[in-house]
Amino acid sequence: MPGTAPVNGSGRPPLVVPVFVAVPGRARLRVAGLRGRPGLAYHLQDQLSGRDAILRVSANPRTGTILVLFDARRLPLRNLVSAVVQIRAGAPRKPAAAGRPSGRPPSAERPAWHHLPREGVVGKLGAAPEAGLSTGEAIERLALIGPNRLPSPPSKSSMTIVLEQVGSLPMLLLGAAALVSAVSVGLLDAGVILAVIGINAAIGYVTESRVARILASLDSLAEPMAFVRRDGREAVIPAAHLVPGDLMLLKPGHEVPADGRLLGAGGLAANEGFLTGESAPVSKDPAALHRPDTPIGDRTNMVYSGTVVTEGVGVAVVTETGSRTELGHVRALAGEAVAPPTPLERQLEETGRKLAMISIGVCGGMFVLGVLRGLPALAMFRTAAALAVAAVPEGLPTVATTTLALGVRRMLQHRALVRRLAAVESLGATTVICVDKTGTITENRMKVGVWHVGGADVLPGARLSVVGADPSASNGRQDDTGVTPLPPPADVERALTIAVLCNEADFTRDGQGRPRAEGSETEAALLLAAHEGGIDTAELRRRYPVAAVHPRADGRNWMTTVHATGDRHLIMVKGAPEEVLDRSSRWLDQGEERPLGAETRRAILRANARMADQAMRVLGLAMRESSEGLEMSAGTEPPDDDLVWVGLVGLIDPVRDGVREAIAVCHGAGIRTVVITGDQSRTAVAVSRGIGLVPDDRVRVLETSRLAQMSEEVLRGVVREVDVFARVAPAHKYEIVRALQATGEVVAMTGDGINDAPALKAADVGVAMGGRGAAMARDLADVVLMDDDFASIAAAVEQGRTIQANIRKALRFLLATNLSEIILTVGALLLGMAQPLSAFHLLWINLITDVLPALGLAVEPAEAGVMREPPADPREPILSRDALGSIVRDAALMGLGSLGAYAMALGRYGPGPRASTVAFSTITMAQLAYALGCRSEERSALEGLGRSKTLLGTIGGTAGLQAGTVIVPALRALLGTTPLAFSDLALVAAGAGVPVAACEVLKARRPAPGRGGGHEGHG
Amino acid sequence: MARHTVFSSESVTRGHPDKICDQISDALVDAFLYLDPDAKVSAECAVATGLVFLAVNSVAAMTVDLVEVAREVIADIGYTEANGFDPDTCSVFTNVSHHPVIDGDRRRRTPARPSTPSGASHQASVFGYANTDTPERMPLPILLGHRLARRLDEVRQDKVLPYLAPDGKTLVAVEFEDGRPRRVHTVIVNVQHTEALGSLDGSAAGRRRLDGDIREAVLAPVFATAPVQLDTATRILVNPTGEFLVGGPRRDAGLTGRKNMVDTYGGYARHGGGALSGKDPAHIDRLGAYVARYVARNVVAAELARSCEVHLSYAIGEAHPLAVSVDTFATGAVPDEVIERAILDSIDLRPARIVERFRLCDLPVLNGGKFYRILAAYGHFGRTDLDLPWEREDRTAALMDAVGRGSR
């Protein structure tokens, strides 16, 4: 292979092109066909990562490149490239490679296990299909392969947190100023500046590490266990100790601990939603063989790590463990999704950088001007440096971090844990919230909503004598009177009897001794409903023992059980209403069996439709007696036709409390809620209606099981119009997020599954469900909702908005006051006056009177109506042109007011400490008064002042400190101030008060820019 | 000297994208009416590659599973993943507005509906036509076009020509002499097929096979019963542009109500513009077109004319049509004004009465849940496979009485 330009020899485009290989031991290569093919990425990663001298491999199907970190001394780049070419071209690995100590399992090739017959799999893995591995063999393999565990993402080190805190440009500038001060002016100056840096960093560090601590405590320490057969015996071992070749035993309700090929199964079904997004359990068949390219969801002879057994039992031989499982694959992909910086992060960084540059420029200009005027260079430098320090908005990150951290604490009170500070304000800017239906909108539990027997709706109750009928359920057309009589209790009991007998769920007792049904959710709910309806389920089952069960199957959407009773048999059927109805010839009406006519059929289908309209899952119940001696063997079809129709039962996953209200709040706040569900459109529409998802009841649903195959333009086109995504796999949430983002939305996305991870990471705000979510989803999310409650999201948004508004207020305050200092200083210089403020004055202002009120502003309570405004456009700068103009105006007023006071003091006392003290006091007092004005951009400084306790406290405290500068001798000595006479105080009051009053007047006269409704009431 | 004219009409198979939409729309109408004959529905559909759009407004006791209905129709037409439209995995975008009604409460909750039960639901200008070309009293070109299209679907679904795929179009041009059909001028069949057919280039085997099969299995049986025959001069064009492998929504997007001429008279008569499919039959566009055809057919059956176009104008909220005008194209046995008066005297044209007389809203129930969706392919008029109330010639005696020819 010549040089670094590998070709595949036939003149076609090269399979692998080096993109960036300048750093030895680090190569980024473009691989043909990798873009958009996560499978290939995984294959490349999988094949490369075990090789000698390769340290880390990361293949990215989004960029189409692969990044390899390798030991350049042992592995020349050329060989690496050719290895990649070989893998890409599908060439088998040289036999020599397998002999290397690569730490790979015996099955280094990762065959398509679902394509192999059972014997082939067993042989390949060296498994023993009866006795299982010997303990010794298992330990050996464990040592070779490593534990069956997914690598956890690296947590942020303290060092990283500190570096992030001090690494911003304003902080670096301050550091430079400290350095220059230390060598040129004095250690005191440098110390003060360093103190500024230190306080900023400390606050940031404390808040971030506290969040990290809380987070760590969230992860459960419970280690998952696995059932295996080893040494011929069943055993329970930590799931981490599973190795390929182990026999794992699968039982209902347990999570599959590793990928495996089924050897045997009895009615086994698994919910693979985590991997495939398919919410319905998938029936498993150990005898099936699949083509190699069969998608995971259709490989019925395999079970996958992280999926859950819903029914039946099975034995599987472990094929893959740890990061080589499909779960590991998904996780590897998730590691590649990139989180965009949040709007505020972007803006604060940009604003900070810009202001720092401007400040440095102005101060540099002032220094030059001063020197040209013949002022002493050193003193001029001190003042310029101090002014720069005062003007650089280094308080900005501190205030922002504090605001966010305090916001985080407040959100924790709402059971929302924020993992990334900046996510708080992303929440504030959120325009679309994508939520999972199941578990977030609904409670994720099934319960019986209504029975429909004899043409009437019967509500489930504590006793079945409590029977209610919905007049709308009377199938009006069907009888002349328009009123359907209630069915006799015996008829309802018949329905309950079928629900109990044609049912594989079982009762157990929970910790408090209350009955709990175990089995599929639907059957458990039926059993519980019958129990609550006063049926002695155990007695019923004793009286009619099951003779045969015919489960649901493909093309047979119902289940049949046969029960012996004396010399007769009872045949009970439960299933899809249409199909059960098709098999019925009579129906139970007022205790009598009558022929089932077309009209009754339609009435029943209508009731079925109406129940479906209420988001119910509906089952039909029917039965018949048979006196024939029935030969019940597994192969024969049960005689389940010519049935007597008994009724319908509707099961519902109830909507959580508060969801409707929370969605209404989001509507008011201009935030669109988008529901994502694996359900069919119809259920999705019904649920959406129930929660008021769209204000005008016109629900727009996109039902698509193949989102990934939709063209990007089409998806982008429809994504803004869709309220509900139905039958969508969690894996497709990623495409939804990206498409929404491409249309300019700021997207919050909830998720709890492993497959949600890429979407959680790509979303502007990834929201994980702490209560039931996978640890992995929590690891990647920005916000963890500990009570899984949608209302918490709305509360979090409100907090986010408040925080953003508060940061804006603090920013306004900091900018205006800093600018006023510049105006005062430069103005004096231009007018040929002596310097009004000394370097220490400026640092004092910077450290005390700037930061404290800003912090007070940062914790302002939410302004009324914060959730009745549309979200801020993330593309809009945090300070609009309008706001910037008013900031400059306010700064000019304050600066000129102080300058005026200073000029009068100069006239009275001449240049010196006394005049400086007047200027110093005037500008600080003006700033303190201005802090009140910053409480609202529209409303008066004094409106609702009582609620701003913290701000009043900080202003009062600062004013006290400021008073100290003219009273306390030590401070006077430090700052070079003098006591002030009453006339001086009057001058200070006028110089400070008049400009701030003018600011207020101008604010009141400004037309409110499209933010209506702000004055109505208080929230 | 006899005047020779050529008139052509096209029809489409069930798999044509626009026709898919019509069938889905009408299947939804069926589904609603089957469970609630009083339902008000408007169901618009569009299809594109791998995508179905449904916009449905309903006022009914319940909703139906829109998506399931759409998928079922697509599967029933014969689309599969292989021939371009997978009924199970295509994406379905639904835009749904539903107003639930409890029995007896319908009118109050029905938005934008007139309060007089017999009034028209909207304004409409509708046309109906009939002539003596065929026993079905339909213009010959469209009738033959439909038969070819239907036959194409039959030989595909019965696996007579297993390589055919669902999308297709037919066109029949008939030469008329003094307004009476004389001969078949041209027949065009353009039908989607699979790779199994082979190449259609030049004289390739696939080309010879397709030409032969279509002539033998499609044209021959259709023209065997036609009033005019193919002759040596008839041009027969089968897939004249060559291969037609990619068809259905993957080739062209489709929309409900874009095959109005196919649904009616093949362009032989005027058209009011309102589409038929996707509207509940109480909608004036739909029932108006049906009753206009009914009137025209009865006029022709009463031998008051050999060719008759009836134009009815309805105003929203008003029961009786604003105007009834008849054009018999100089074939009338009596003056057109006399026929107009006879119509007004002998046929009740009030919408509510028509719905009642034709039992339009009960037809899905009476036909086991599938009526309008069957109607949505191969034309709404002149059907012999369905018992259509508007094709009944039960007002001829009354019409003849009204013009005073009853005792002739």
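Look up a bit, the structure's there.
Residues numbered from 1 in each chain as written. Chains lettered and ligands numbered in written order. Predicted model: local features only at pLDDT ≥ 70, side-chain atom pairs only at ≥ 80, totals over all residues. Heavy atoms only, no water.

Undergrad: Help me understand the interface of chain A and chain B, please; the structure alone is not making it clear to me.
TA: Quoted interface sizes are often the accessible area lost when the parts come together. Taken together, the contact pairs 30 residues of chain A with 33 residues of chain B. Overall, the association of chain A and chain B removes approximately 2500 Å² of surface from exposure, summing both partners, and the carbon and sulfur fraction of that is 46%. Interface area lost by chain A to chain B is led by Arg602(A), Arg698(A) and Arg706(A), which between them contribute 23%. A salt bridge links Glu703(A) to Arg71(B); the shortest N-O distance between them is 2.8 Å. The tally of links between chain A and chain B comes to twelve residue pairs in polar contact (both at pLDDT 80 or more). Secondary structure elements with two or more residues in the side of chain A that touches chain B: α20 (598–613), α22 (681–690), β26 (698–703) and α23 (712–719) of chain A. Among the elements that take part in the side of chain A that touches chain B, α20(A) stands out by supplying seven residues, more than any other. Of the residues contributing to the side of chain A that touches chain B, the split by class is nine nonpolar, six polar and 15 charged. Sheet topology places β26(A) next to strand β4 (residues 91–100) of chain B; six bridges connect them, and they run antiparallel. (Contact = heavy atoms within 4.5 Å. Buried area = accessible area lost by both parts, 1.4 Å probe. Salt bridge = Lys/Arg side-chain N within 4 Å of Asp/Glu carboxyl O. Polar contact = N/O pair within 3.5 Å; in protein donor to acceptor, adjacent residues only side chain to side chain. Helix = DSSP H or I, 4+ residues; strand = E, 2+ residues; numbered from the N terminus. Nonpolar A, V, L, I, M, F, W, Y, C, P; charged D, E, K, R; others polar. Pairing = 2+ DSSP bridges.)

Undergrad: What is the right way to read the side chain of Arg656(A) from this model?
TA: Residues and elements named next belong to chain A. Note that Arg656 resides in the loop between β24 (643–652) and α21 (659–668). Overall, Arg656 belongs to the buried group, its relative accessible area being 18%. Setting aside residues up to four positions removed in sequence, Arg656 forms contacts with Gly439, Thr440, Ile441, Thr442, Glu443, Asp787, Asp788 and Asp789. (Buried < 20%, exposed > 50% of the residue type's maximum accessible area, 1.4 Å probe, protein only.)

Undergrad: How do you make sense of the state of the cysteines when you look at a structure like this?
TA: Among covalent bonds in proteins, the disulfide is the one between the sulfur atoms of two cysteines. Residue and element names in this part refer to chain A. Within this structure, the stated rule accounts for zero disulfides over all chains. Its sulfur unpaired, Cys434 is 12 Å from the next cysteine sulfur, which belongs to Cys666. Not part of a disulfide, Cys934 finds its nearest cysteine sulfur in Cys999, a span of 8.7 Å. Overall, Cys934 belongs to the buried group, its relative accessible area being 2%. (Disulfide = S-S within 2.5 Å.)

Undergrad: Looking at this model, I keep getting lost on the sheet that holds strand β4 (residues 65–70) of chain A. Mind explaining?
TA: Backbone hydrogen bonds hold the strands of a sheet together, and the pairing may be parallel or antiparallel. Residues and elements named next belong to chain A. Strands sit in the order β1-β2-β4-β3 across an open sheet of four strands; the sheet is antiparallel. Strands with a single pairing partner mark the edges of an open sheet, and in this sheet they are β1 (16–20) and β3 (54–60). Recorded for the sheet is a direction-independent mean angle of 25° between the axes of neighbouring strands. The sheet contact formed by β3 and β4 spans six bridges and is antiparallel. What sits directly across from Ala59, in β4, is Ile66. Helix α2 (residues 77–88) rests against β1, β2 (26–31), β3 and β4 of the sheet, and its axis sits at about 30° to β2. (Axes fitted to C-alpha atoms, helices over the stretch in contact; angles between N-to-C directions.)

Undergrad: What am I meant to see in the packing of helix α27 (residues 790–830) of chain A against helix α30 (residues 913–933) of chain A here?
TA: Each pair of packed helices can be described by the angle between their axes along with the distance between the axes. Residues and elements named next belong to chain A. Following both chains from N to C, one finds α27 and α30 inclined at 160°, their axes separated by 10 Å at the closest point. As far as their axial angle goes, α30 and α27 are roughly antiparallel. Between α27 and α30 lies a crossing of right-handed hand. Judged by residue contacts, Arg812, Phe813, Ala816, Thr817, Ser820, Glu821 and Leu824 of α27 engage Ile923, Gln927, Tyr930 and Ala931 from α30. Per-class residue counts for the contact of α27 with α30 are six nonpolar, three polar and two charged. (Parallel < 35°, antiparallel > 145°, perpendicular 65-115°, else oblique. Left-handed = near helix turned anticlockwise from the far one by under 90°.)

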